[in-house]
Amino acid sequence: MMEMLRITGLHKRFGDKTVLNRLDLTVPEHSVFGFIGKNGAGKTTTMKTVLGLLKSDTGEIFVNGEQVVYGETVTNRHIGYLPDVPEFYPFMTAPEYLRFCGEITGMQKTDIANRSKELLELVGLEGERHRIQGFSRGMKQRLGIAQALLNRPKLLICDEPTSALDPVGRKEILDILQTVRTQTTVLFSTHILSDVERICTDVAFLDQGTVRVQGKLADIRTKYRREEYILETEREADALRLRTAFPAIRAEGPNRLIFCESGKNAVFDVLRFVTEQRIPLLKMERAEPSLESLFLEVLEQ
Amino acid sequence: MNAQIAFLRKEIMEQTRSGRLMLLGVLFALFGIMNPAVAKLTPWLLEIMSDTLAGNGMIVTTVTVSAMDSWVQFFKNIPMALIAFVLTESSIFTKEYQSGTLVLSLTKGLHRDAVLRAKTTVLVVLWTLCYWGCFGITYVYNAYFWDNAVAKNLLFSVVCWWLFGLWTVALMVLFSVVTGTNTGVLLGTGGVVFVSYLLGILPEIKVYVPTQLTDGNALIYGTAGTGDYTAALIAAVVLSAACFAVSVPVFRKKQL
Ligand SMILES: Nc1ncnc2c1ncn2[C@@H]1O[C@H](COP(=O)(O)OP(=O)(O)OP(=O)(O)O)[C@@H](O)[C@H]1O
Ligand SMILES: [Mg+2]
């Protein structure tokens, strides 16, 4: 399998603050790659470095096998980029903007016209005749995807494409990303884990400037798979007693607890405690571990 | 080449659709009309006031105005027009830095030089059109009411002022690529022009600084000859060229 993007040993400091610390990342071709990290983890910094917009201190980046050099744009011909807060010329209409983008990329006139029409339909802006200054955030985000895909990039990089949107807008964007997967490789950053679960084939968890875990979503799930149990007690005081007895149990509500099957607090230990202490239970359930608990577990290591 | 034309077309579209072209056009036309109008109205105004003035013991003799008065007005008002021009266009680069629109275009393979060329061209052409439009209006009215021939070195004096404006445009470009904020552009451009003005107060240095070019009155009255402006002309041309030349490498390396 071809690698669309390979980052090795990327290091970046702003002043005395280390933002990226020996970051390694490999994005396989035709994947939908979820780049997960908290606010300030360094997602935008990584993406801007890939685009040659930021200078790295050390490390190498290869896009489609070609090395990225700061300040140069040759490797960007493989990349379509949607920034975190996309801003377009407000005095243009969507078709005018796409035409402008096509011309500065060096596309042929007829190609620009055909491709613009196709993409505006894909993102649902085909009937829009107003200038961009009147666009909502969702519309800007959709135009952003259209401009990023215009010259058929091999790699589509989207920086938190869904963060500012409502659930309906989010679903629309995710559907579009899923649709374009056949044409390109998608790398998108997010901190919304349900988005990742919905469309990603691969993920990487970014924490404190390094990638802690990465790989196929399915593999990661299997590797970190532990049975997860949800326990609801009748009284809040009992939930507290359980948590004191088993420190690894997490609280999800005043009387709702979650714990994973592991050597230390195996489900039977908990159940024995419940029986011995005669704790009335409302519910006990075995659940598929969510990406969130997986993420938290990775971070705790 | 196509990319260059596309970006230039975008710049022109921005000037027209944002209304800035209209604003500057109206402003410079108004200044152009105002110069002869003020000259024409002066005797009339004095006549209205003459009764009051006579009551105060002042005797008003009939004043005759000529094209000269209109040209004096021209050189008095054109600095305000230039200031309006600088204020209107100072954000031509910086707005794009702040909104991130430029970054997006650059990631698509647009060359930075093309951006610099397009924006510089728009500024130079716009200043030239506005300035000569304003001059043209004043010239035509003056020719209609009086006779432009009374002003000595007229063409030379207005070319000097145009060149001074061009130098200001060059400073705007330089400070746009060096500083990156609107305030930076205004402070930088204003600061350098002010320093040039201060230096111009010293008699030994006066003829070497570009602000010398703004003294059009001395030329049209004939108290100064064209030779007195040669050094300042050369200085303005060399400094403008230097500003444009330095902007290229600075802009190529600019962190956006
Ligand atoms: N130009 C800069 N100068 C100084 N520090 C910076 C600069 N850009 C980013 N940082 C710092 O780098 C860190 C990572 O920023 P980055 O924008 O990459 O995070 P992120 O993962 O994209 O976060 P978010 O989810 O909020 O978008 C932050 O702590 C930020 O303060
Ligand atoms: Mg970010």
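Refer to the structure presented above.
All figures in this text were calculated on a predicted structure; none of them were measured in a lab.

## A word on the packing of helix H2 (residues 94-105) of chain A against helix H1 (residues 2-17) of chain B
Move 1: Axis separation between H2 of chain A and H1 of chain B bottoms out at 8 Å; the angle between their running directions is 150°. Overall, the two elements H2 of chain A and H1 of chain B adopt an arrangement that is roughly antiparallel. Judged by residue contacts, Glu96, Arg99, Phe100, Glu103 and Ile104 of chain A of H2 of chain A engage Asn2, Ala3, Ala6, Phe7, Arg9, Lys10, Met13 and Arg17 of chain B from H1 of chain B.
Move 2: Across the contact of H2 of chain A with H1 of chain B, the residue classes tally to six nonpolar, one polar and six charged.

## Quick look at the site of ligand 1
Residues and elements named next belong to chain A.
Move 1: Taken together, Phe14, Lys17, Val19, Lys38, Asn39, Gly40, Ala41, Gly42, Lys43, Thr44, Thr45 and Glu160 make up the full set of residues near ligand 1.
Move 2: The contact in question runs from an oxygen atom of ligand 1 to an N or O atom on the side chain of glutamate 160, over 2.7 Å.
Move 3: Listed by contribution, the elements that provide at least two residues to the shell around ligand 1 are strand S2 (17-28) and helix H1 (43-50).
Move 4: Looking at which element gives the most residues to the shell around ligand 1, the answer is H1, with three residues.
Move 5: Residue composition of the shell around ligand 1, by class: three nonpolar, five polar and four charged.

## So, the sheet that holds strand S9 (residues 202-207) of chain A
Residue and element names in this part refer to chain A.
Move 1: Strand order in the open sheet made by the six strands is S6-S7-S8-S3-S9-S10, with mixed pairing throughout. Edge positions in the open sheet fall to strand S6 (79-82) and strand S10 (210-216), since each of these has one partner strand only. Looking at each pair of strands side by side, their axes are set apart by 15° on average, direction ignored.
Move 2: With five bridges connecting them, strand S3 (residues 32-37) and strand S8 (residues 185-190) associate as parallel partners. Of the residues in S8, the one forming a bridge with phenylalanine 33 is leucine 187.

Criteria and thresholds
Residues numbered from 1 in each chain as written. Chains lettered and ligands numbered in written order. Predicted model: local features only at pLDDT ≥ 70, side-chain atom pairs only at ≥ 80, totals over all residues. Heavy atoms only, no water. Axes fitted to C-alpha atoms, helices over the stretch in contact; angles between N-to-C directions. Helix = DSSP H or I, 4+ residues; strand = E, 2+ residues; numbered from the N terminus. Parallel < 35°, antiparallel > 145°, perpendicular 65-115°, else oblique. Contact = heavy atoms within 4.5 Å. Nonpolar A, V, L, I, M, F, W, Y, C, P; charged D, E, K, R; others polar. Near = heavy atom within 4 Å. Polar contact = N/O pair within 3.5 Å; in protein donor to acceptor, adjacent residues only side chain to side chain. Pairing = 2+ DSSP bridges.

Shape descriptors only; they carry no functional weight alone.
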